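Spelled out, the chains give:
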Amino acid sequence: MRTSEVTKLIEKENVKEIALQFTDISGILHSIWIPSQLFSKVAEEGVHTDGSSVGMVDISKSDLKLVPDVNTFTVLPPNSFPKRVARVVCDIYEPESNRHFELDPRFVLKKVMSDAKKSIGVSVKYCACSEIEFFLFKKSESGIQLLDEGEYLATPPADLGADLRLEVTEELMNMGILVEKHHHEVPHGKYEFNLAYSDALTMADAIYLIKFLLKQTAAKKGLIASFMPKPFQGQYGCGLHTHVSLIDEKKGKNLFYDPSGSYGLNKTGLNFIAGILNHAKALAAITNPSVNSYKRLVPGWEAPVYISWARYNRSVLVRVPPGKEMRTRLEYRPTDGSCNFYLAFACILSAGLDGIKRKIEPEEPVEENIYEMDAKERVKRGIGLLPENLGDALKELSKDKVVQDALGQALYEKFLEIKTKEWRDYNTTVHEWERKKYIDV
């Protein structure tokens, strides 16, 4: 899409304001609003902002420049705001140049995808898709409560989230994003969208748009849409399982597929799996970057903690879901909604490419329920464990050069600084559990 086409669309849809959006390193979405008549100027020159106030840079060199990617321009649904609003994703640049800002998560993903083309072929496309799981809460005098008591694939009226989902899926379809299916999940008040596959950059852009729309639509109904990995102790959590594949667009070929291979995979697919498993402990810091992430990653709740792979087994880290030829893909199961999806997609790709580059062979697949295995059997089968907390994950990241290189040195150091502080803050906070446990000691 060209800027001239966007200006015509602005006029046609009577757009009054445009939200220029980007994410910080932690994956929080930020917006700067401009009147629509300034869009052409901003698209050409960019707009400056204070990067220090969103934790991107030090206050001594705080200015950054946002430049809209006109291909992401989207007119939001008419009822989203009092007047017609559009949204566009921005790339971040140094303030006085056309040089990409190296701490921009979107730039990191674009760079890793570009590097992949250089190493395995210019016509190769990195595809990704995350299952969008979320909770809906209603507010009450006693706090927040799950919206309903429906269970897996519940039907209205037990499924009280259906109306909101139908509204959002229609809005997304009008914006060119197809939700292929949606339903009530296993826990009370939890739901899932499955999206049509696309290249990883487009998918990451779409995920932030969907989160934005879900939160906005829920708020208008007096609800809270949450992607928190583990809202309540002793109940199921919320993951965003990520599906990935490599497609050679010129040849019309899936680079993971082999009908005569094990699990329908060829050597490339198996090497990609091995790369992910090899870097799994460091990857956890990126795909599960919150203290709360590790309250979900515990045995017994279908959340993956064991570094292994299989086809149907949901206790493993990587699955090979049903699908032949162009639909052949790998499902990386740990990802949760607290991550930055640009960084998560980039690091998953880098880990897989390292497996291809080094021709690493994965251990034998594990189709048994690993939760029922004892530690001795897991060691015998070569099944490792993900880090048990954010602190351990950050230590693993500090030892993994491949994942660090995917992030780039500057972003890696900033990410480590931010997340180390988060871990220290958590560890020095006295929680209610501690008062109950130790007040009479």
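Coordinates for the structure precede this section.
Overview of the structure. (Residues numbered from 1 in each chain as written. Predicted model: local features only at pLDDT ≥ 70, side-chain atom pairs only at ≥ 80, totals over all residues. Heavy atoms only, no water.)

**Quick look at the side chain of arginine 296**
Looking at the element boundaries, arginine 296 is found in helix H8 (residues 293–296). Put simply, arginine 296 is tucked away with no salt bridge, and the nearest opposite charge, on aspartate 336, sits 4.4 Å away. Side-chain polar atoms of arginine 296 contact the backbone oxygen of arginine 333, separated by 3.2 Å. Here proline 334 takes part through its backbone oxygen, which lies 2.6 Å from a polar atom of the side chain of arginine 296. In this structure, arginine 296 is in contact with Pro229, Lys230, Cys238, Gly239, His241, Asn288, Ala303, Pro304, Arg333, Pro334, Thr335 and Asp336, ignoring residues within four places of it in sequence. (Helix = DSSP H or I, 4+ residues; strand = E, 2+ residues; numbered from the N terminus. Buried < 20%, exposed > 50% of the residue type's maximum accessible area, 1.4 Å probe, protein only. Lys, Arg positive; Asp, Glu negative; His and termini not counted. Salt bridge = Lys/Arg side-chain N within 4 Å of Asp/Glu carboxyl O. Polar contact = N/O pair within 3.5 Å; in protein donor to acceptor, adjacent residues only side chain to side chain. Contact = heavy atoms within 4.5 Å.)

**Let's talk about the state of the cysteines**
Applying the stated criterion across every chain, the model contains 0 disulfides. Cysteine 127 takes part in no disulfide bond, and the closest cysteine sulfur, belonging to cysteine 129, lies 9.9 Å away. By relative accessible area, cysteine 129 is classed as buried at 7%. (Disulfide = S-S within 2.5 Å.)

**What to know about the packing of aromatic side chains**
Per the stated rule, a full pass over the model turns up 16 aromatic pairs. A ring pair is formed by phenylalanine 134 and tyrosine 191, whose centres lie 5.7 Å apart and whose planes are at 40°; its orientation type is tilted. Residue phenylalanine 134 is found in strand S8 (residues 132–140), and its partner tyrosine 191 is found in strand S11 (residues 190–195); the two are separated by 57 residues along the sequence. These aromatic residues form a ring-pair network of at least three members: Phe134, Tyr191, Phe193 and Phe227. (Phe/Tyr/Trp six-rings, centres within 6.5 Å; stacked < 30°, edge-to-face > 60°.)

**Remarks on the environment of aspartate 159**
Among the secondary structure elements, aspartate 159 is positioned in the loop between strand S9 (143–146) and helix H4 (162–174). C-alpha of aspartate 159 to C-alpha of leucine 76: the two residues are 83 residues apart in sequence and 26 Å apart in space. Every residue in contact with aspartate 159, bar those within four places of it in the chain, is listed here: Asp148, Ala154, Arg165, His184 and Tyr191. Here alanine 162 takes part through its backbone nitrogen, which lies 3.4 Å from a polar atom of the side chain of aspartate 159.

**Some remarks on helix H9 (residues 341–358)**
Across its 18 residues, H9 extends 26 Å between first and last C-alpha, which sits within 8% of the 26 Å expected from 1.5 Å per residue. For H9, the tally of buried residues reaches 16 of 18 residues, placing the bulk of the element in the interior. The N-cap residue of H9 is asparagine 340: its side-chain oxygen and the backbone nitrogen of tyrosine 342 are 3.0 Å apart. Once H9 ends, the next one or two residues include lysine 359, with phi positive near 55°. (Expected span 1.5 Å × (residues − 1).)

**Some thoughts on the packing of helix H11 (residues 390–397) against helix H13 (residues 409–428)**
Helix-helix packing is characterised by the crossing angle of the two axes and by the distance between the axes. Where H11 meets H13, the axes come as close as 10 Å, and the angle between the chain directions of the two elements is 160°. When the axes of H11 and H13 are compared, the pair comes out roughly antiparallel. Crossing hand, H11 versus H13: left-handed. Between H11 and H13, the contacting residues are Leu390, Gly391, Leu394 and Leu397 on the first element and Tyr412, Phe415, Leu416, Lys419, Thr420, Glu422 and Trp423 on the second. Of the residues contributing to the contact of H11 with H13, the split by class is 7 nonpolar, 2 polar and 2 charged. (Axes fitted to C-alpha atoms, helices over the stretch in contact; angles between N-to-C directions. Parallel < 35°, antiparallel > 145°, perpendicular 65-115°, else oblique. Left-handed = near helix turned anticlockwise from the far one by under 90°. Nonpolar A, V, L, I, M, F, W, Y, C, P; charged D, E, K, R; others polar.)

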